[in-house]
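# Geometric and topological summary
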Amino acid sequence: MCNLIQKYNIPGPRYTSYPTVPFWDIHSFSGKKWEATVKQSFSESNSKEGISLYIHLPFCESMCTFCGCHKRITKRHDVEVPYIRTLLKEWSLYLELFDERPIIKELHLGGGTPTFFSPENLQMLINGLFKRADRAKDYEFSFEGHPNNTTKEHLKALYDVGFRRVSYGVQDYNETVQKAIHRVQSFENVKNVTDWAREIGYTSIGHDIIFGLPHQTLEHVLETIEKTKTLKPDRLAFYSYAHVPWLKGNGQRGYKDTDLPSAEEKRTQYEAGKLELAKAGYTEIGMDHFALDTDSLYRSMQNGKLHRNFMGYTASKTQLMVGLGASSISDSWYGFAQNVKSLEEYQHLVENNIIPIFRGHILTDEDRIIRKHILNLMCQLETIWFQESMQFKELPVVMDRLKEMQDDGLLEMTQYQLRVTEKGRPFVRNICMAFDLKLHEKTPETRLFSMTI
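Now for a description of the structure that goes with this document. Keep in mind it's a predicted model, so treat the numbers as computed, not measured.

### Here we look at the overall build of the chain
- Within the chain, the secondary structure is distributed over 15 helices and 19 strands.
- What you see for the chain is a C-alpha radius of gyration of 21 Å, in line with the 22 Å of a compact globule of 453 residues.
- For the chain, the C-alpha atoms occupy an extent of roughly 55 × 50 × 40 Å along the three principal directions.
- When the 453 residues of the chain are sorted by exposure, 58% land in the buried category.

So this is what it looks like as C-alpha coordinates:
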(Lines give C-alpha, C1' and ligand atoms only; values in the text may rest on other atoms or scores of the structure.)
Protein backbone atom coordinates (compact mmCIF):
# COMPACT_ATOMS: atom_id res chain seq x y z
CA MET A 1 0.00 0.00 0.00
CA CYS A 2 2.87 2.41 0.77
CA ASN A 3 4.12 2.18 -2.83
CA LEU A 4 0.62 2.89 -4.14
CA ILE A 5 0.28 5.90 -1.85
CA GLN A 6 3.59 7.29 -3.08
CA LYS A 7 2.50 6.69 -6.67
CA TYR A 8 -1.01 8.15 -6.51
CA ASN A 9 -0.72 10.85 -3.84
CA ILE A 10 -0.98 13.81 -6.20
CA PRO A 11 -3.01 17.05 -6.17
CA GLY A 12 -6.59 16.36 -7.21
CA PRO A 13 -10.17 17.61 -6.88
CA ARG A 14 -12.69 16.37 -4.31
CA TYR A 15 -15.36 16.33 -7.02
CA THR A 16 -18.26 18.12 -5.41
CA SER A 17 -18.86 19.18 -9.02
CA TYR A 18 -17.83 18.43 -12.57
CA PRO A 19 -16.35 20.42 -14.15
CA THR A 20 -14.49 21.55 -11.04
CA VAL A 21 -14.48 25.28 -10.30
CA PRO A 22 -10.98 26.08 -11.71
CA PHE A 23 -12.05 24.69 -15.09
CA TRP A 24 -15.36 26.47 -15.48
CA ASP A 25 -15.81 28.24 -18.82
CA ILE A 26 -16.34 31.67 -17.32
CA HIS A 27 -15.85 33.50 -20.64
CA SER A 28 -19.02 32.15 -22.29
CA PHE A 29 -21.01 32.31 -19.05
CA SER A 30 -23.53 35.08 -18.35
CA GLY A 31 -26.19 35.92 -15.79
CA LYS A 32 -28.92 35.56 -18.42
CA LYS A 33 -27.71 32.07 -19.39
CA TRP A 34 -27.62 31.10 -15.71
CA GLU A 35 -31.16 32.35 -15.08
CA ALA A 36 -32.39 30.41 -18.12
CA THR A 37 -30.96 27.15 -16.73
CA VAL A 38 -32.57 27.87 -13.34
CA LYS A 39 -35.98 28.40 -14.96
CA GLN A 40 -35.64 25.22 -17.01
CA SER A 41 -34.50 23.09 -14.08
CA PHE A 42 -37.19 24.46 -11.77
CA SER A 43 -40.01 23.81 -14.24
CA GLU A 44 -38.74 20.26 -14.85
CA SER A 45 -38.25 19.24 -11.24
CA ASN A 46 -40.04 21.34 -8.61
CA SER A 47 -43.35 19.48 -8.60
CA LYS A 48 -41.62 16.07 -8.87
CA GLU A 49 -38.83 16.28 -6.30
CA GLY A 50 -38.62 19.84 -4.98
CA ILE A 51 -35.45 21.92 -4.79
CA SER A 52 -32.54 22.33 -2.35
CA LEU A 53 -31.32 25.46 -0.60
CA TYR A 54 -27.83 26.03 0.73
CA ILE A 55 -27.38 29.15 2.86
CA HIS A 56 -23.91 30.41 3.67
CA LEU A 57 -23.63 32.18 7.03
CA PRO A 58 -20.03 33.39 6.93
CA PHE A 59 -19.41 34.90 10.36
CA CYS A 60 -17.06 33.39 12.95
CA GLU A 61 -15.83 34.86 16.22
CA SER A 62 -12.34 33.37 15.76
CA MET A 63 -10.24 31.88 12.97
CA CYS A 64 -9.81 28.10 12.80
CA THR A 65 -6.54 27.52 10.98
CA PHE A 66 -7.57 24.20 9.41
CA CYS A 67 -10.48 25.83 7.59
CA GLY A 68 -10.57 26.55 3.86
CA CYS A 69 -14.06 28.10 3.80
CA HIS A 70 -14.99 31.70 3.09
CA LYS A 71 -15.68 33.53 6.35
CA ARG A 72 -15.61 36.91 8.09
CA ILE A 73 -14.04 37.03 11.56
CA THR A 74 -15.90 39.38 13.90
CA LYS A 75 -17.34 39.56 17.39
CA ARG A 76 -19.92 42.15 16.34
CA HIS A 77 -23.35 40.57 16.25
CA ASP A 78 -25.06 43.63 14.83
CA VAL A 79 -24.12 42.16 11.42
CA GLU A 80 -26.74 39.43 11.79
CA VAL A 81 -29.99 41.19 10.88
CA PRO A 82 -28.63 43.15 7.88
CA TYR A 83 -27.14 39.95 6.46
CA ILE A 84 -30.40 38.03 6.91
CA ARG A 85 -32.32 40.80 5.18
CA THR A 86 -29.93 40.54 2.24
CA LEU A 87 -30.35 36.75 2.11
CA LEU A 88 -34.12 37.10 1.99
CA LYS A 89 -33.84 39.76 -0.72
CA GLU A 90 -31.60 37.44 -2.76
CA TRP A 91 -34.17 34.66 -2.31
CA SER A 92 -36.87 37.02 -3.63
CA LEU A 93 -34.77 37.56 -6.78
CA TYR A 94 -34.80 33.82 -7.41
CA LEU A 95 -38.51 33.60 -6.64
CA GLU A 96 -39.12 35.96 -9.56
CA LEU A 97 -37.68 33.28 -11.88
CA PHE A 98 -40.12 30.60 -10.70
CA ASP A 99 -43.56 30.05 -12.21
CA GLU A 100 -45.00 28.44 -9.05
CA ARG A 101 -44.30 28.19 -5.33
CA PRO A 102 -41.04 26.32 -4.74
CA ILE A 103 -41.14 23.10 -2.74
CA ILE A 104 -38.08 22.85 -0.49
CA LYS A 105 -36.81 19.31 -0.03
CA GLU A 106 -33.37 20.03 1.42
CA LEU A 107 -32.17 23.03 3.37
CA HIS A 108 -28.69 23.34 4.84
CA LEU A 109 -27.13 26.12 6.88
CA GLY A 110 -23.34 26.19 6.49
CA GLY A 111 -20.54 28.58 7.26
CA GLY A 112 -18.70 30.12 8.76
CA THR A 113 -20.53 29.42 11.98
CA PRO A 114 -24.33 29.27 11.63
CA THR A 115 -24.69 29.30 15.43
CA PHE A 116 -22.91 32.68 15.45
CA PHE A 117 -26.46 33.93 14.78
CA SER A 118 -28.95 34.14 17.63
CA PRO A 119 -31.75 31.54 17.82
CA GLU A 120 -34.31 34.30 17.19
CA ASN A 121 -32.53 35.53 14.08
CA LEU A 122 -32.16 32.02 12.68
CA GLN A 123 -35.90 31.52 13.12
CA MET A 124 -36.53 34.85 11.41
CA LEU A 125 -34.43 33.67 8.45
CA ILE A 126 -36.21 30.33 8.08
CA ASN A 127 -39.69 31.79 8.51
CA GLY A 128 -38.83 34.46 5.95
CA LEU A 129 -37.80 31.82 3.39
CA PHE A 130 -41.13 30.00 3.73
CA LYS A 131 -43.41 32.98 3.31
CA ARG A 132 -43.41 32.13 -0.40
CA ALA A 133 -42.32 28.47 -0.36
CA ASP A 134 -43.59 25.10 0.87
CA ARG A 135 -41.94 22.10 2.50
CA ALA A 136 -41.74 18.77 0.69
CA LYS A 137 -43.34 15.83 2.49
CA ASP A 138 -39.97 14.16 3.02
CA TYR A 139 -37.94 17.33 3.64
CA GLU A 140 -34.59 17.28 5.42
CA PHE A 141 -33.25 20.42 7.09
CA SER A 142 -29.76 20.43 8.58
CA PHE A 143 -27.21 22.82 10.02
CA GLU A 144 -23.61 22.95 11.18
CA GLY A 145 -23.20 23.62 14.88
CA HIS A 146 -20.09 24.79 16.73
CA PRO A 147 -19.88 22.82 20.01
CA ASN A 148 -18.61 25.89 21.88
CA ASN A 149 -21.49 28.20 21.03
CA THR A 150 -24.45 25.99 20.10
CA THR A 151 -26.98 26.42 22.89
CA LYS A 152 -30.07 24.48 23.83
CA GLU A 153 -31.99 27.52 22.61
CA HIS A 154 -30.35 27.22 19.15
CA LEU A 155 -31.28 23.57 18.91
CA LYS A 156 -34.87 24.12 20.08
CA ALA A 157 -35.44 27.14 17.84
CA LEU A 158 -34.25 25.31 14.72
CA TYR A 159 -36.13 22.14 15.70
CA ASP A 160 -39.31 24.19 15.92
CA VAL A 161 -38.94 25.33 12.29
CA GLY A 162 -38.27 21.84 10.93
CA PHE A 163 -34.62 20.95 11.48
CA ARG A 164 -33.94 17.32 12.40
CA ARG A 165 -30.25 16.94 11.54
CA VAL A 166 -27.22 18.69 13.02
CA SER A 167 -23.49 18.15 12.46
CA TYR A 168 -20.82 19.24 14.92
CA GLY A 169 -17.23 20.04 14.00
CA VAL A 170 -15.12 17.96 16.39
CA GLN A 171 -11.87 17.63 14.37
CA ASP A 172 -9.71 16.13 17.19
CA TYR A 173 -9.85 16.04 21.01
CA ASN A 174 -6.10 16.33 21.61
CA GLU A 175 -5.18 19.68 23.16
CA THR A 176 -1.92 20.08 21.20
CA VAL A 177 -3.72 19.54 17.91
CA GLN A 178 -6.58 21.83 18.95
CA LYS A 179 -4.17 24.64 19.79
CA ALA A 180 -2.38 24.22 16.45
CA ILE A 181 -5.65 24.58 14.50
CA HIS A 182 -6.97 27.28 16.87
CA ARG A 183 -10.08 25.25 17.70
CA VAL A 184 -9.98 24.44 21.42
CA GLN A 185 -13.14 22.70 22.60
CA SER A 186 -13.66 20.08 25.26
CA PHE A 187 -15.23 16.65 25.01
CA GLU A 188 -17.75 17.87 27.60
CA ASN A 189 -18.95 20.60 25.24
CA VAL A 190 -19.43 18.10 22.41
CA LYS A 191 -21.22 15.68 24.75
CA ASN A 192 -23.54 18.43 25.95
CA VAL A 193 -24.65 19.55 22.49
CA THR A 194 -25.01 15.94 21.31
CA ASP A 195 -27.15 15.02 24.33
CA TRP A 196 -29.26 18.17 23.99
CA ALA A 197 -29.99 17.42 20.34
CA ARG A 198 -31.15 13.91 21.22
CA GLU A 199 -33.32 15.18 24.09
CA ILE A 200 -35.00 17.71 21.82
CA GLY A 201 -35.71 15.09 19.14
CA TYR A 202 -33.11 15.42 16.38
CA THR A 203 -33.07 12.18 14.40
CA SER A 204 -29.60 12.50 12.84
CA ILE A 205 -26.59 13.84 14.72
CA GLY A 206 -23.26 14.00 12.92
CA HIS A 207 -19.68 14.59 14.02
CA ASP A 208 -16.86 15.77 11.75
CA ILE A 209 -13.42 14.30 12.48
CA ILE A 210 -10.30 15.22 10.52
CA PHE A 211 -7.11 13.18 10.12
CA GLY A 212 -3.79 14.52 8.88
CA LEU A 213 -3.87 17.63 11.07
CA PRO A 214 -0.69 19.35 12.33
CA HIS A 215 1.01 17.49 15.20
CA GLN A 216 -1.66 14.76 14.99
CA THR A 217 -0.55 11.17 15.65
CA LEU A 218 -2.25 7.82 15.21
CA GLU A 219 -2.85 7.73 18.97
CA HIS A 220 -4.64 11.09 18.82
CA VAL A 221 -6.97 9.84 16.07
CA LEU A 222 -7.78 6.63 17.91
CA GLU A 223 -8.40 8.49 21.18
CA THR A 224 -10.77 10.84 19.37
CA ILE A 225 -12.65 7.92 17.85
CA GLU A 226 -12.87 6.13 21.20
CA LYS A 227 -14.50 9.22 22.72
CA THR A 228 -16.75 9.59 19.68
CA LYS A 229 -17.95 6.01 20.04
CA THR A 230 -19.24 6.77 23.55
CA LEU A 231 -21.53 9.47 22.07
CA LYS A 232 -22.62 7.27 19.12
CA PRO A 233 -23.41 9.96 16.53
CA ASP A 234 -25.65 8.71 13.72
CA ARG A 235 -23.17 9.65 11.02
CA LEU A 236 -19.55 10.73 10.77
CA ALA A 237 -17.47 12.65 8.29
CA PHE A 238 -13.96 11.27 8.80
CA TYR A 239 -11.93 13.07 6.21
CA SER A 240 -8.45 14.22 5.28
CA TYR A 241 -7.24 17.68 6.16
CA ALA A 242 -6.92 19.64 2.91
CA HIS A 243 -3.70 21.63 3.12
CA VAL A 244 -4.16 24.55 0.72
CA PRO A 245 -2.30 27.48 2.35
CA TRP A 246 -1.90 29.22 -1.02
CA LEU A 247 -5.66 29.98 -1.18
CA LYS A 248 -6.39 33.54 -0.15
CA GLY A 249 -7.98 34.04 3.25
CA ASN A 250 -8.11 30.42 4.42
CA GLY A 251 -6.04 31.03 7.56
CA GLN A 252 -3.86 27.90 7.28
CA ARG A 253 -0.95 29.48 9.12
CA GLY A 254 0.80 29.03 12.45
CA TYR A 255 2.36 25.68 11.60
CA LYS A 256 4.80 24.36 9.03
CA ASP A 257 4.42 21.69 6.37
CA THR A 258 6.82 19.57 8.44
CA ASP A 259 4.29 19.61 11.30
CA LEU A 260 1.87 17.60 9.14
CA PRO A 261 1.78 13.79 9.07
CA SER A 262 3.22 12.17 5.95
CA ALA A 263 0.92 10.66 3.33
CA GLU A 264 1.66 7.17 4.68
CA GLU A 265 0.94 8.29 8.26
CA LYS A 266 -2.32 9.88 7.15
CA ARG A 267 -3.43 6.69 5.45
CA THR A 268 -2.57 4.67 8.56
CA GLN A 269 -4.65 7.09 10.63
CA TYR A 270 -7.61 6.59 8.29
CA GLU A 271 -7.41 2.83 7.98
CA ALA A 272 -7.03 2.36 11.75
CA GLY A 273 -9.90 4.75 12.42
CA LYS A 274 -12.06 3.03 9.82
CA LEU A 275 -11.47 -0.33 11.49
CA GLU A 276 -12.53 1.05 14.88
CA LEU A 277 -15.64 2.61 13.38
CA ALA A 278 -16.57 -0.68 11.71
CA LYS A 279 -16.31 -2.43 15.09
CA ALA A 280 -18.74 0.17 16.46
CA GLY A 281 -21.32 -0.53 13.76
CA TYR A 282 -20.52 2.18 11.22
CA THR A 283 -20.57 1.50 7.47
CA GLU A 284 -18.35 3.45 5.08
CA ILE A 285 -20.44 5.61 2.78
CA GLY A 286 -18.90 6.80 -0.48
CA MET A 287 -15.64 8.56 0.35
CA ASP A 288 -14.70 9.49 3.95
CA HIS A 289 -18.21 9.22 5.40
CA PHE A 290 -19.70 6.67 7.81
CA ALA A 291 -23.18 6.03 9.13
CA LEU A 292 -25.11 3.69 11.36
CA ASP A 293 -27.68 1.52 9.57
CA THR A 294 -30.48 3.55 11.17
CA ASP A 295 -29.38 6.79 9.46
CA SER A 296 -30.86 8.16 6.23
CA LEU A 297 -27.40 8.36 4.62
CA TYR A 298 -26.95 4.59 5.02
CA ARG A 299 -30.44 3.86 3.68
CA SER A 300 -29.81 6.16 0.74
CA MET A 301 -26.64 4.25 -0.15
CA GLN A 302 -28.48 0.93 0.12
CA ASN A 303 -31.26 2.21 -2.16
CA GLY A 304 -28.85 3.61 -4.73
CA LYS A 305 -30.02 7.20 -4.09
CA LEU A 306 -26.90 8.64 -2.49
CA HIS A 307 -25.99 12.00 -4.05
CA ARG A 308 -23.03 14.37 -3.88
CA ASN A 309 -23.01 18.11 -4.47
CA PHE A 310 -21.43 21.25 -3.03
CA MET A 311 -22.92 20.36 0.37
CA GLY A 312 -21.09 17.00 0.27
CA TYR A 313 -22.98 13.69 0.43
CA THR A 314 -26.74 13.97 0.74
CA ALA A 315 -29.42 11.34 1.26
CA SER A 316 -31.47 12.47 -1.73
CA LYS A 317 -31.04 14.34 -4.98
CA THR A 318 -32.70 17.45 -6.31
CA GLN A 319 -32.04 18.71 -9.79
CA LEU A 320 -31.88 22.34 -8.64
CA MET A 321 -29.86 23.59 -5.69
CA VAL A 322 -29.92 27.32 -5.02
CA GLY A 323 -27.06 28.76 -2.96
CA LEU A 324 -27.79 31.95 -1.05
CA GLY A 325 -25.23 34.16 0.66
CA ALA A 326 -21.73 35.45 -0.04
CA SER A 327 -19.56 32.85 -1.87
CA SER A 328 -22.41 30.29 -2.14
CA ILE A 329 -22.47 28.01 -5.18
CA SER A 330 -25.68 27.03 -6.97
CA ASP A 331 -26.29 24.03 -9.23
CA SER A 332 -29.10 23.86 -11.79
CA TRP A 333 -27.81 20.56 -13.26
CA TYR A 334 -27.39 22.45 -16.53
CA GLY A 335 -25.05 25.00 -15.00
CA PHE A 336 -23.14 26.20 -11.93
CA ALA A 337 -22.89 29.72 -10.51
CA GLN A 338 -20.94 31.16 -7.60
CA ASN A 339 -21.81 34.30 -5.69
CA VAL A 340 -19.30 37.07 -5.07
CA LYS A 341 -17.15 36.46 -1.99
CA SER A 342 -16.94 40.00 -0.59
CA LEU A 343 -19.73 40.71 1.89
CA GLU A 344 -19.87 44.35 0.87
CA GLU A 345 -20.11 43.55 -2.85
CA TYR A 346 -22.67 40.82 -2.17
CA GLN A 347 -24.93 43.21 -0.25
CA HIS A 348 -24.48 45.98 -2.81
CA LEU A 349 -25.51 43.79 -5.75
CA VAL A 350 -28.55 42.33 -4.00
CA GLU A 351 -29.70 45.76 -2.88
CA ASN A 352 -29.61 46.74 -6.55
CA ASN A 353 -31.80 43.74 -7.52
CA ILE A 354 -28.96 41.79 -9.13
CA ILE A 355 -28.45 38.08 -8.45
CA PRO A 356 -24.91 38.38 -7.05
CA ILE A 357 -22.99 35.83 -9.12
CA PHE A 358 -19.48 36.53 -10.39
CA ARG A 359 -18.59 33.34 -12.24
CA GLY A 360 -20.17 30.15 -13.49
CA HIS A 361 -20.27 27.42 -16.10
CA ILE A 362 -22.95 26.16 -18.47
CA LEU A 363 -22.54 22.40 -18.90
CA THR A 364 -22.25 20.87 -22.36
CA ASP A 365 -23.87 17.52 -23.19
CA GLU A 366 -20.44 15.91 -22.75
CA ASP A 367 -19.98 17.62 -19.37
CA ARG A 368 -23.25 16.15 -18.10
CA ILE A 369 -22.34 12.63 -19.19
CA ILE A 370 -18.95 12.79 -17.48
CA ARG A 371 -20.58 14.34 -14.42
CA LYS A 372 -22.88 11.30 -14.18
CA HIS A 373 -19.91 8.93 -14.33
CA ILE A 374 -18.04 10.83 -11.60
CA LEU A 375 -21.17 10.97 -9.42
CA ASN A 376 -21.63 7.22 -9.87
CA LEU A 377 -18.04 6.58 -8.80
CA MET A 378 -18.20 8.93 -5.82
CA CYS A 379 -21.56 7.61 -4.60
CA GLN A 380 -21.81 3.99 -5.75
CA LEU A 381 -18.14 3.16 -6.48
CA GLU A 382 -19.06 1.93 -9.94
CA THR A 383 -20.28 3.22 -13.28
CA ILE A 384 -21.61 1.71 -16.51
CA TRP A 385 -21.46 3.01 -20.09
CA PHE A 386 -23.44 0.28 -21.86
CA GLN A 387 -26.14 2.75 -22.87
CA GLU A 388 -25.34 5.18 -25.67
CA SER A 389 -26.48 8.06 -23.43
CA MET A 390 -23.51 7.34 -21.11
CA GLN A 391 -20.89 7.25 -23.86
CA PHE A 392 -18.72 10.14 -25.03
CA LYS A 393 -16.05 10.70 -27.66
CA GLU A 394 -13.02 10.45 -25.37
CA LEU A 395 -14.19 7.28 -23.57
CA PRO A 396 -11.49 5.05 -25.17
CA VAL A 397 -8.82 7.50 -23.96
CA VAL A 398 -10.29 7.40 -20.44
CA MET A 399 -10.25 3.60 -20.48
CA ASP A 400 -6.57 3.67 -21.48
CA ARG A 401 -5.82 5.94 -18.52
CA LEU A 402 -7.59 3.50 -16.21
CA LYS A 403 -5.59 0.43 -17.29
CA GLU A 404 -2.64 1.12 -15.02
CA MET A 405 -4.97 1.49 -12.04
CA GLN A 406 -6.62 -1.77 -13.08
CA ASP A 407 -3.19 -3.46 -13.15
CA ASP A 408 -2.58 -2.08 -9.64
CA GLY A 409 -5.81 -3.71 -8.43
CA LEU A 410 -7.65 -0.44 -7.75
CA LEU A 411 -10.54 -1.22 -10.06
CA GLU A 412 -12.15 -3.91 -12.17
CA MET A 413 -13.10 -2.91 -15.70
CA THR A 414 -14.90 -4.59 -18.59
CA GLN A 415 -15.85 -3.22 -21.99
CA TYR A 416 -18.87 -1.43 -20.50
CA GLN A 417 -18.39 -1.23 -16.74
CA LEU A 418 -16.01 -0.09 -14.02
CA ARG A 419 -16.11 -1.05 -10.35
CA VAL A 420 -13.81 0.29 -7.64
CA THR A 421 -12.29 -2.51 -5.55
CA GLU A 422 -11.91 -2.41 -1.79
CA LYS A 423 -8.20 -1.83 -2.37
CA GLY A 424 -9.07 1.08 -4.63
CA ARG A 425 -11.36 2.97 -2.24
CA PRO A 426 -8.58 5.27 -0.97
CA PHE A 427 -7.88 6.22 -4.59
CA VAL A 428 -11.38 7.01 -5.82
CA ARG A 429 -10.42 10.65 -6.46
CA ASN A 430 -7.60 9.43 -8.72
CA ILE A 431 -10.01 7.16 -10.60
CA CYS A 432 -12.40 10.08 -11.12
CA MET A 433 -9.49 12.16 -12.43
CA ALA A 434 -9.15 9.74 -15.35
CA PHE A 435 -12.62 10.88 -16.50
CA ASP A 436 -11.84 14.57 -15.98
CA LEU A 437 -11.33 15.80 -19.53
CA LYS A 438 -10.98 19.43 -18.44
CA LEU A 439 -8.10 18.55 -16.12
CA HIS A 440 -6.27 16.67 -18.87
CA GLU A 441 -6.96 19.30 -21.52
CA LYS A 442 -5.27 22.05 -19.53
CA THR A 443 -2.71 21.22 -16.88
CA PRO A 444 -2.85 23.92 -14.19
CA GLU A 445 0.12 26.28 -14.13
CA THR A 446 -0.18 26.68 -10.35
CA ARG A 447 -1.20 24.32 -7.55
CA LEU A 448 -5.01 24.24 -7.20
CA PHE A 449 -5.96 21.16 -5.23
CA SER A 450 -5.09 19.32 -2.03
CA MET A 451 -3.38 15.93 -2.21
CA THR A 452 -5.63 12.98 -3.03
CA ILE A 453 -4.45 10.70 -0.19
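### Topic: the pattern of salt bridges
- Scanning the entire structure with this criterion turns up 24 salt bridges.
- A salt bridge links Arg101 to Asp134; its shortest N-O distance comes to 3.1 Å. With Arg101 in the loop between helix 3 (80-95) and strand 4 (103-111) and Asp134 in strand 5 (residues 134-145), this pair connects stretches of sequence that are 33 residues apart.
- Judged by its relative accessible area of 34%, Asp134 is partly exposed.
- Here Glu284 ties to Arg425 by a salt bridge, and the two come within 3.2 Å at their closest N and O atoms. Taken together, the residues span a long stretch of sequence, with Glu284 in strand 9 (residues 283-285) and Arg425 in the loop between strand 19 (417-420) and helix 14 (428-435) at a distance of 141 residues.
- The class for Glu284 is buried, based on a relative accessible area of 11%.
- Overlapping salt bridges, with partners in common, bring together Glu226, Lys229, Glu276 and Lys279 in one network.

### Here we look at a nonpolar patch on the surface
- A cluster of nonpolar side chains, contributed by Ile384, Phe386 and Tyr416, occupies part of the molecular surface with about 310 Å² of accessible area.
- Relative to the helices and strands, Ile384 is located in strand 17 (residues 382-384).

### Observations regarding the environment of Gln338
- Summarising the element assignment, Gln338 is placed in strand 15 (residues 335-339).
- Sequence spacing of Gln338 and Ile200 is 138 residues, and the spatial spacing of their C-alpha atoms is 35 Å.
- When sequence neighbours within four positions are dropped, the list of residues in contact with Gln338 reads Val21, Trp24, His70, Ser327, Ser328, Ile329, Pro356, Ile357, Phe358 and Arg359.
- Of the polar contacts made by the side chain of Gln338, one reaches the backbone oxygen of Ser327; its length is 3.1 Å.

### Looking at unusual backbone geometry
- Residue Pro19 is reached from Tyr18 by a cis peptide bond, and omega for that bond is -5°.
- Looking at the element boundaries, Pro19 is found in the loop between helix 1 (2-8) and helix 2 (31-49).
- Across the junction of Gly111 and Gly112, the peptide omega takes the value 15°, indicating a cis bond.
- Assignment of secondary structure puts Gly112 in the loop between strand 4 and helix 4 (119-129).
- The phi dihedral of His182 falls on the positive side, at around 55°, and the residue is not glycine.
- Secondary-structure assignment places His182 in the loop between helix 6 (175-180) and helix 7 (187-200).
- For His182, a relative accessible area of 45% gives the class partly exposed.

### Digging into the sheet that holds strand 18 (residues 411-413)
- Here three strands make up an open sheet; going across it, the order is 17-19-18 and the pairing antiparallel. The sheet terminates laterally at strand 17 and strand 18, the two strands that pair on one side only. Between one strand axis and the next, the sheet turns by 10° as a mean value, whatever way the strands run.

### Here we look at the side chain of Ser204
- Position of Ser204 relative to the elements: it lies in strand 7 (residues 204-211).
- Within polar-contact distance, the side chain of Ser204 engages the side chain of Arg235 at 3.4 Å.
- Apart from the residues lying within four places of it in its own chain, the contact partners of Ser204 are Arg164, Arg165, Val166, Asp234, Arg235 and Asp295.

### Looking at the pairing of strand 13 (residues 321-324)
- On strand 13, burial covers both faces: Met321 and Gly323 on one face and Val322 and Leu324 on the other are all buried.
- As defined by bridge partners, strand 1 (residues 51-57) adjoins strand 13 across four bridges and the pair is classed as parallel. Residue pairing for strand 13: Tyr54 is matched across the bridge by Gly323.

### Quick word on the packing of helix 3 against helix 11 (residues 343-351)
- Here helix 3 crosses helix 11 at 50°, and the two axes come no closer than 9 Å. Classified by the angle between their axes, helix 3 and helix 11 sit oblique to one another. Note on packing geometry: the crossing formed by helix 3 with helix 11 is left-handed. Facing helix 3, whose interface residues are Pro82, Tyr83, Thr86, Leu87, Lys89, Glu90 and Leu93, helix 11 presents Leu343, Tyr346, Gln347, Val350 and Glu351.

### Here we look at helix 3
- In this model, helix 3 (16 residues) spans 23 Å end to end at C-alpha, consistent with the 22 Å of a helix rising 1.5 Å per residue.
- Of all the residues in helix 3, the buried ones are Glu80, Tyr83, Ile84, Thr86, Leu87, Glu90, Trp91, Ser92, Leu93, Tyr94 and Leu95.

### Some points on the environment of Lys137
- As for its position among the elements, Lys137 is in strand 5.
- A relative accessible area of 90% means that Lys137 is categorised as exposed.
- C-alpha of Lys137 to C-alpha of Ile104: the two residues are 33 residues apart in sequence and 9.3 Å apart in space.

### Examining the pairing of strand 4
- Across the nine residues of strand 4, eight count as buried, placing the element largely inside the fold.
- As paired elements, strand 4 and strand 5 share six bridges and run parallel to each other. Looking at strand 5, one finds that Ile104 is bridged to Arg135.
- For the handedness criterion, the β-α-β arrangement of strand 4, helix 4 and strand 5 is classed as right-handed.

What counts, and where the lines are drawn
Residues numbered from 1 in each chain as written. Predicted model: local features only at pLDDT ≥ 70, side-chain atom pairs only at ≥ 80, totals over all residues. Heavy atoms only, no water. Helix = DSSP H or I, 4+ residues; strand = E, 2+ residues; numbered from the N terminus. Rg over C-alpha atoms; globule rule 2.2 N^0.38 Å. Buried < 20%, exposed > 50% of the residue type's maximum accessible area, 1.4 Å probe, protein only. Salt bridge = Lys/Arg side-chain N within 4 Å of Asp/Glu carboxyl O. Patch = residues over 30% accessible without salt bridge, like charges linked within 9 Å, V, L, I, M, F, W, Y side chains within 5 Å. Areas by Shrake-Rupley, 256 points an atom, 1.4 Å probe, with all protein chains shown as cover. Contact = heavy atoms within 4.5 Å. Polar contact = N/O pair within 3.5 Å; in protein donor to acceptor, adjacent residues only side chain to side chain. Pairing = 2+ DSSP bridges. Axes fitted to C-alpha atoms, helices over the stretch in contact; angles between N-to-C directions. Parallel < 35°, antiparallel > 145°, perpendicular 65-115°, else oblique. Left-handed = near helix turned anticlockwise from the far one by under 90°. Expected span 1.5 Å × (residues − 1). Right-handed = clockwise from strand over helix to strand, strands pointing away.

By themselves these figures say nothing about function.
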